Amino acid sequence: QVQLVESGGGSVQTGGSLRLSCTHSSYRNTNLCMGWFRQAPGRTREAVAVIDAGSAFKDYADSVKGRFAISRDNARNTLTLQMDSLKPEDTATYYCAATFLWNCAGWVNREFDYWGQGAQVTVSS
């Protein structure tokens, strides 16, 4: 089992920025597809961004393209989500997640196996 621990989150005003971090306990990063998901009250969980092991592949939800940036530091087993130009609709609990995939580009067809505890992000008007 891979353990994921999130840090960051908080409250900001519309247009502000916030950075989320996640560290994982996997013994290797090879084939470790990672991503950020979020869930707001009364809504289903949705994918925000996904990144492959070598950072060559990145995928973003249309709602965050141009505003969010996903990155990872494999030497530190760390995943990061930089969020800029935040909007009230970004308010949600954010979860980092990971799964081993041969090709991370096919992530939409697979469920992620490992999850962080969640970090609250609140964006006020």
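1. Quick notes on the state of the cysteines
Chemically, a disulfide is nothing more than a covalent bond linking the sulfur atoms of two cysteines. One pass over the structure, following the stated rule, counts 2 disulfides. One disulfide bridge connects C22 with C96, the sulfur atoms lying 2.1 Å from each other. Between C22 and C96, the S-S dihedral sits near 55 degrees, and the bridge is therefore right-handed. Residue C22 is found in strand β3 (residues 18–24), and its partner C96 is found in strand β9 (residues 92–100); the two are separated by 74 residues along the sequence. Taken as a pair, C22 and C96 share a single burial class, namely buried. A sulfur-sulfur separation of 2.0 Å characterises the disulfide bridge that pairs C33 with C104. Disulfide C33-C104: the torsion about the S-S bond is 40 degrees, which places it as right-handed.

Rules of the game
- Residues numbered from 1 in each chain as written.
- Predicted model: local features only at pLDDT ≥ 70, side-chain atom pairs only at ≥ 80, totals over all residues.
- Heavy atoms only, no water.
- Disulfide = S-S within 2.5 Å.
- Helix = DSSP H or I, 4+ residues; strand = E, 2+ residues; numbered from the N terminus.
- Buried < 20%, exposed > 50% of the residue type's maximum accessible area, 1.4 Å probe, protein only.

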